[in-house]
Structures are given as C-alpha cells and as structure tokens.
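Coordinate analysis (summary)
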Amino acid sequence: MAELNQKERMKIKRHDMPNQDPLVRRRNYDEVALGYSEATAKKEAERCLQCKDPKCVQGCPVGVLIPQFIKALREGDMVKAVEWMKVKNNLPAICGRVCPQETQCEGNCILGKKGEPVAIGRLERFVGDFELAHRTCPLAKAAPTGKNAAVVGSGPSGLTCAVDLGREGHKVTLFESLHGPGGVLVYGIPEFRLPKRVVYGEINYAVECLGIDIKIDHVIGRTFTLDELLNDYDAVFLGTGAGLPSFMRIPGINLNGVMSANEFLTRVNLMKGYLFPQYDTPVKVGRKVAVIGAGNVAMDAVRCSLRLQTLHSRKTNELPGEVHMVYRRSRDEVPAREEEFHHAGEEGVIFDFLTNPVEILGDEKGNVKGMRCIRMRLGEPDKSGRRSPVPIEGSEFEMEVDTVIMALGTSPNPLVFVEAEGLERTKHGTAVADPETGRTRKMRVWAGGDVVTGAATVISAMGAGKRAAADIDKFLKGEAPWQ
Amino acid sequence: MYKILKKEVLSDIIKLMVIHAPHVARKAKAGQFIIVRINEFGERIPLTIADYDRDAGTITIIFQEVGKSTMQLGRMETGQEISSFAGPLGHPTEIENYGTVVCVGGGVGIAPIYPIARSLKEAGNSVISIIGSRNKDLLFWEDRMRAVSDELIVCTDDGSYGRRSLVTEPLKELIENADKKVARVWAIGPAIMMKFVSLATAPYNVPTTVSLNTIMIDGTGMCGGCRVLLEDGARFVCVDGPEFDAHKVNWDSLLSRLQFYRKEERAAVEHWQHKCRLEGAPEEGGK
Ligand SMILES: Cc1cc2nc3c(=O)[nH]c(=O)nc-3n(C[C@H](O)[C@H](O)[C@H](O)COP(=O)(O)OP(=O)(O)OC[C@H]3O[C@@H](n4cnc5c(N)ncnc54)[C@H](O)[C@@H]3O)c2cc1C
Ligand code: SF4
Ligand code: FES
C-alpha cells in the first residue's frame, strides 16, 4: 500500500472482529472472536497515526511499544512486530484477548476522541498468534548464574516472573497447588474467550526454552511453607493470586444450588465439566440461573451457564432456560470488559440492574427455589466518586430461580501466609509489597499480581511479575542488596 | 506421576493403596487429607490419610468404591501411576493428653481414625476404640486398631461379627459409665453416623470431633464448594477443617449438600460401566 497521509488514515473505519454467530456459539465452547485475517490486520494498522507522544502507551499498564509494533505490522515485518511487542509483553496472544483495552490503550487512543480508537487489542492478538504459530522470537537463556529462585503460583504474574528469571540464567522452580499451571487463565477464563491451547502453548514453550521446573500438586503453606522454601532458594516470588471467593451474608447461602463463581467456573473450565461424563467432574445449572455481580467473572459465569443450558436442552429436547445477571448498580457501572458485556447480551442473558438479593429461598429438600430481592437506586457519589446503590424501601419481590452463582469478588488465599513469619498483610488480606520492586516486608520474598492488588487484571499481574523479576535479578547478581 | 507401590483388597469394595508421594509424606500428620486425580479426565477426590511413612516417602490411602472415580481407582494395580496427588491438606488433629478418649470409626472411616488413635495413644491417652461396619466382610484393620487401643469394641449392623449394634450404643454406655471419665470423642465415618455420634454425646457435653468429607474440588480454599454451616456461619472444610466440633455442625444442611450431585454420580457410573463393557475391561474388581 502506498504511504497514506494522516487525513486518509483517519478516514479508514475501524475493522470489526469476525465473531461466531451468537445462536451458534451458544451451543459450543469454541472461541467467539475469530481473529483478524492478515489483510484486515494490515488495514487496521494503517489507521494508526504514529503519534509523537503516544497516549495509548500511557494507558497500557506495562507500556507496550504500541506505535512501533503497529508500524512493523503494517510494513509487513511480522518478525519485527513480535520483537517490539516482546520488549514489554511476554504474553501478547493472551493480553490481546483479555485486556480491558477500552479503559487502557484504546481508551487513550487519540482517534477515540472524535471517532473510534485503533483496535490495538485485536492487532496485539494478531501479533501474538503469529508468534505462537511461528516462534520467530526465541526465548534465549543466559549463562547459568548458579542462583536459584522459587516462584509460587503459575498465573500470569508467576509465569512472567519465572520466564524473565529463567532468561537471566537463574534456575527457576515454579510451584503450583493445582494439577496444572496457568492460574485464572486456565481455571477461570473460559475456553470460548481464551482457548487453553494458547495458554499451554506459552507455558510449554517457556518450559522447553528455559528449563523451568514446574512442580504441580504443591500447596505452599502445606506441602512446603514459605520459610522452608527460603532455606532452599535464594529468592521467592509469590504470585498466588486472589482465589478466595466471598459469599453474601444473607440467609440461604448454604442451600443446594448456591455456589461461588469460582466453583462453577472451575468445574466448567479446569475440570471440563461441560464434557461430563467423558470427563468425571459434573457441573449443574438449572433452568433459571441468577448470577450475582457484573464483573468479568460474572460475565463468564452467565455465558457458561447459557452454553450449559443450551447443550443440555439439545440433549433433552426441553426449551433452554433463562440466565439472569443480577447487579445492584446500573448499566454504566458494569466493570466487565465491554466486549464481554456486549457478547453476553447477544447470547441472550437477561440483565437485572439495580437489583440486590436479600435472601435465598429453599424448598423442603434444601434446594434453591427462589430469591428475595430488593430494588436499588443510585445515591450520592461516595469517596471514590462512584454513586453507591441504596435500597428502595418496600420494593422487595421474589424471583424464581433454581441456581444462584455468586460472583462478588475474591481475596487472596491465606494458605501461603501459613508459617511465613514477617510477611505483612493488609486488612484486606493482601500482601504488602513495594509497587516498583515487588519486595515484601520479608527478606528475600517478592510478591505481585492479585495477591498484592486484590482481584485485578491479567496485564497488571504480568507487569508486576516482570518488575519483580527485574529486581530479583539485580538482587541475585548482587546489584541491589536487601536493605 | 505417582506410583502405586502396593495394593491390598480389604473387602469387595474397600481397597488400600500405598502411594509414592514423598512431597506429601514428609509432613503428613494424622487428621489431614490428600487430593488424588487418576488421570487427565479424572475428578479431584479428597481422601483422608490412613497412614504415612516419611522414610519411604509413602502415603497410605483406603477408600470405598462408591462412585465412578473410586471404582476406577480400585481397578488400578501395583506399579501403575496416578497423575496427581496433592497434600497434605487441612489441619492435623490436635493431639494432647486428654485422659481417656474414645475413637469411633465407621465403615471406611476406620482408616482415618487409625492414625488419630495411634497419635492419641502415643501422647499418653487411654484410648478406647469402637469400630463398626455393616457386616463382617466390610471390617478391616481390627488388628491395627487393637494394637493402638487400650480397649477395642467391634460392632456390625447385622451381628455377623462382634456386637450387633450401631457404634453409638457402646459409645453411650462408655459415656454414661462415670468410672471411665471420657474426656473426648473422635468420630469418623458416614455423615449420618457422625450426626448420631454427635447427638449421643451432646447431652453429656463431651467434646466431640468429627472429620467431614464434603464435596470438594480444589481442596485449597478456592471454590467454597466444601462449605459447611456451623452455628456461627459457613466454613470451608478443606482449609478450616476437616475436623470440626460435632456439636456446632448443621447436620441437615451437610447431609442435603452431599446429595446434590447424586444423579450425576449415577450417570457417571453407568457411562463408565458401559465403556468398560465395550472395551471388554473387567467391570467388577476381583479379590
Ligand atoms: C473468571 C475470571 C475472569 C477474568 N477475566 C479477566 C479478563 O477478561 N481480563 C483481565 O485482564 N483479567 C481478568 N480476570 C482477572 C485476572 O485473571 C487476574 O487478575 C490474574 O489472573 C491474576 O494473576 P495472578 O498471577 O496474580 O494470579 P492467578 O491467575 O490467580 O494465579 C495464582 C496461581 O497461584 C496458585 N496458588 C494459590 N495459592 C497457592 C499456594 N499456596 N501454593 C501454590 N500455588 C498457589 C493458584 O492455584 C493459581 O494457579 C479474570 C478473573 C477471573 C476469575
Ligand atoms: S497489553 Fe493490554 S493495555 Fe497494553 S497495549 Fe496490549 S491490549 Fe492494550
Ligand atoms: S474444596 Fe474448594 S474451597 Fe474447599
């Protein structure tokens, strides 16, 4: 393509992502967003104005070199595009799929002021998928340093930290309590949003190139304590995430049919419950499901519920049921990624905004039969500037449901803090760590990702893993001793 | 992968396996449990630790074939490997010298009560044990239990061996006997048995500890599927337990939650037996 001028670039419309048809995808677990073709990716890349002071980069939590990779992409130099990408982001195929771009890079893009921002996330995914298929940017390992590090937790923060430490020549052991690595990427985020082949592709590649030793079935705090790890390793990074689910403090939460989104999603994704009985773990949704909450977790839970219902009804010839998303605030406050909210709507989710459950009702056998809810309105903005929901007196009503899935947020799993003298925690249960270096208050222990921030994002966890790895590397090489 | 070093058939439906898992054995204690997953299709099954050998790096598990997964595990043989084995999980039993204690093991619950009785004995307690099962064939480890108990009472539901009674009868007699001064009771077995043990000891205010086996997935506090309702709210059995004060447990809620996947459990067994028939694999485990 001939070199375009800025005006011509601004005339190009943002390219839609090809998606599976909503009616078809309700019946399968295949990826919804199909990805740009090479031609579309190049055309979309032409829209970038190559700003001198790129705002998008400021919006990215890890500062991906966005204009550089987009330029290489549109010039057809994919190898170079991957190289630019990998300067800051180890896992572009994953981030391109799950980052909340509308509040990060794309939210800042100058084109968004008047029209639509460059589809940075989709381009990132395109570059990531190219690298996944061609591996043009091998992970090189420096000469062995003789130092060793333990990384606890194999979610995005732990994986990133392990890879960066491995590249520097340190010997890395990655401990994971579950039977496979990946953290939320594997047990939480469903296949139709993030295919597991992408996650495993990245993990296997890292293991192959860097010889990272992954020890599954190791629950730190039980199998080994942190203090025991410190005897055997020169440095320890904690990337144990925020996996502890919360339940509402209302009557009826122990009824059959009430579960945490973590339980539901783990059954579906990690244990492959949607393929029961080929896989052993069952997962059950009823005909009227209510998911409480409106974050990414809630969105994944409603969309998995819809699919299970549709698949089930095709077997039994019953009509599929209903899936409700019950949220105490309004549409404008929905914290989920925009794309997921949009997809959930297309797939047929019923949204009940400004609604809050006050009691879950059970039948004589202890099964859920309904939910008593109250209507809410938005009151004055609180300290954080968000308008807080206030119950409307006398507005209580009953909703007939047989399954209630709570997606109300999570906090750090406390097990890793067992016998970890000196590892300080906040009152929210998160580890206290320096945001720049990841250093905790305990000597030779670093932490990052959700265990420090509380439930956040994949990219922020990755960024924390990367910063900690840089500091651990300096520490191990004697350049930055522990004060 | 974790190798099965030894298999013993304790009865038609109760099997013992010694598994090579040094990472679990090095710290395992009485009262804790492990999570096993047979293969890539498997579910995560929690099993209480029946014994351990730190030097050999082994864990002994004993399980009753109640569903597809335990049936399949029961068909595995010495030398074969299991894909995942995590632990030790949960809190160990609080062992102290309490005086006279009673350890009740019902059915396959005899297995996990054994290391507890042994530890209590080692701590200087006078240990009275009651073990019970439906019939003689389902009884095991009488010798082992006798070796760690000052007194052992054996019951069967049908009277085919020992005393014909439920475990709660001799338990009540022991508690009512003022000379015995029973300080504490441990009970492990089917949920319904533990409920009745709890009802039996409550009027006498004898502290009673039960080990709960709720439905679990991760076993690390991540799903909340294992939760149990106590007087003052819900707890996660896998991280807060598995042992709890029996008198605080809401048994009706517990029993109802155990039923939740019954239909699916049956479907899994049927699917598996059908598959075994097609593949010509032996469907019933031999002795
Ligand atoms: C359903 C769901 C959907 C989400 N969707 C998005 C999205 O679209 N976009 C986005 O940016 N973010 C999303 N998030 C958030 C994002 O996944 C997390 O912020 C991110 O995964 C945190 O990474 P982490 O490395 O800190 O921890 P995790 O990914 O939670 O990984 C922690 C790992 O540590 C292991 N572990 C925990 N304790 C121990 C222990 N004691 N010993 C050994 N191992 C231990 C855990 O098993 C786990 O594998 C979503 C989260 C969920 C639950
Ligand atoms: S990592 Fe996320 S925020 Fe940063 S450029 Fe990529 S998609 Fe945007
Ligand atoms: S088994 Fe998942 S929290 Fe206990």
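Relevant structure appears above.
Residues numbered from 1 in each chain as written. Chains lettered and ligands numbered in written order. Predicted model: local features only at pLDDT ≥ 70, side-chain atom pairs only at ≥ 80, totals over all residues. Heavy atoms only, no water.

**Some remarks on the packing of aromatic side chains**
- Scanning all chains against the criterion turns up 17 aromatic pairs over all chains.
- Relative to phenylalanine 236 of chain B, the ring of phenylalanine 247 of chain A lies with its centre 6.3 Å away and its plane at 85 degrees, an arrangement referred to as edge-to-face. Separated into two different chains, phenylalanine 247 of chain A in the loop between strand E5 (244-245) and strand E6 (258-260) and phenylalanine 236 of chain B in strand E16 (residues 233-236) make up a pair that spans both.
- Ring centres 5.3 Å apart and planes at 65 degrees place the aromatic pair tryptophan 446 of chain A and phenylalanine 475 of chain A in the edge-to-face group. Here the residue tryptophan 446 of chain A occupies a position in strand E16 (residues 445-447), and phenylalanine 475 of chain A occupies one in helix H18 (residues 458-476), the gap between them amounting to 29 residues.
- Taking relative accessible area as the criterion, tryptophan 446 of chain A reaches 0% and is therefore assigned buried.
- The cationic tip of arginine 135 of chain A hangs over the ring face of tyrosine 205 of chain A; the distance from NZ or CZ to the ring centre is 3.7 Å.
- A cation sits over an aromatic face here: arginine 118 of chain B above tyrosine 52 of chain B, 5.8 Å from the ring centre. (Phe/Tyr/Trp six-rings, centres within 6.5 Å; stacked < 30°, edge-to-face > 60°. Helix = DSSP H or I, 4+ residues; strand = E, 2+ residues; numbered from the N terminus. Buried < 20%, exposed > 50% of the residue type's maximum accessible area, 1.4 Å probe, protein only. Lys NZ or Arg CZ within 6 Å of the ring centre and 35° of its normal.)

**Focus on the site of ligand 2**
- All residues in the neighbourhood of ligand 2 are listed as Cys60, Pro61, Val64, Ile66, Asn89, Cys99, Gln101, Gln104, Cys105, Glu124 and Ile459 of chain A.
- For the shell around ligand 2, a count of residues per class yields 7 nonpolar, 3 polar and 1 charged. (Near = heavy atom within 4 Å. Nonpolar A, V, L, I, M, F, W, Y, C, P; charged D, E, K, R; others polar.)

**Some remarks on the pattern of salt bridges**
Residue and element names in this part refer to chain A.
- Tallied over the full model, the rule gives 58 salt bridges over all chains.
- Arginine 97 is the salt-bridge partner of aspartate 129, the closest N and O atoms lying 2.9 Å from each other. With aspartate 129 in helix H9 (residues 120-134) and arginine 97 in helix H7 (residues 92-98), this residue pair connects regions lying 32 residues apart in the sequence.
- Residue aspartate 129 is classed as partly exposed on the basis of its relative accessible area of 23%.
- For arginine 97, a relative accessible area of 4% translates into the label buried.
- With its nearest N and O atoms 2.8 Å apart, the salt bridge here joins glutamate 347 to arginine 307. Linking glutamate 347 in helix H16 (residues 338-347) with arginine 307 in helix H15 (residues 296-316), this pair joins segments that are 40 residues apart in sequence. (Salt bridge = Lys/Arg side-chain N within 4 Å of Asp/Glu carboxyl O.)

**So, the packing of helix H2 (residues 68-75) of chain B against helix H9 (residues 262-279) of chain B**
Residue and element names in this part refer to chain B.
- With their axes 8 Å apart at the nearest point, H2 and H9 run at an angle of 40 degrees to one another. Contacts between H2 and H9 involve Lys68, Met71, Gln72 and Arg75 on the former and, on the latter, Ala268, Val269, Trp272 and Gln273.
- A class-by-class count of the residues in the contact of H2 with H9 yields 4 nonpolar, 2 polar and 2 charged. (Axes fitted to C-alpha atoms, helices over the stretch in contact; angles between N-to-C directions. Contact = heavy atoms within 4.5 Å.)

**What to know about the site of ligand 1**
Residues and elements named next belong to chain A.
- Taken together, 35 residues lie near ligand 1, and Val98, Ser157, Glu176, Arg193 and Ile220 sit nearest.
- Serine 157 places a polar side-chain atom, nitrogen or oxygen, 2.7 Å from an oxygen atom of ligand 1.
- One nitrogen or oxygen atom from the main chain of glycine 183 is found 3.4 Å from an oxygen atom belonging to ligand 1.
- Every element with two or more residues in the shell around ligand 1 is listed here: helix H10 (156-167), H15 and H18.
- With 3 residues, the top contributor of residues to the shell around ligand 1 is H15.
- Grouping the constituent residues of the shell around ligand 1 by class yields 16 nonpolar, 14 polar and 5 charged. (Polar contact = N/O pair within 3.5 Å; in protein donor to acceptor, adjacent residues only side chain to side chain.)

**So, the sheet that holds strand E10 (residues 126-133) of chain B**
Residue and element names in this part refer to chain B.
- The strand order E12-E11-E10-E9-E13-E14-E17 describes an open sheet built from 7 strands, whose pairing is mixed. At either end of the open sheet lies a strand with only one pairing partner, and these are strand E12 (163-164) and strand E17 (243-245).
- Across 3 bridges, strand E14 (residues 208-211) lies against E17 in antiparallel orientation. The residue bridging threonine 209 from the neighbouring strand is aspartate 245, located in E17.
- Where helix H3 (residues 110-122) meets the sheet, it contacts strand E9 (100-106), E10, strand E13 (182-188) and E17, and its direction lies at approximately 165 degrees from that of E9. (Pairing = 2+ DSSP bridges.)

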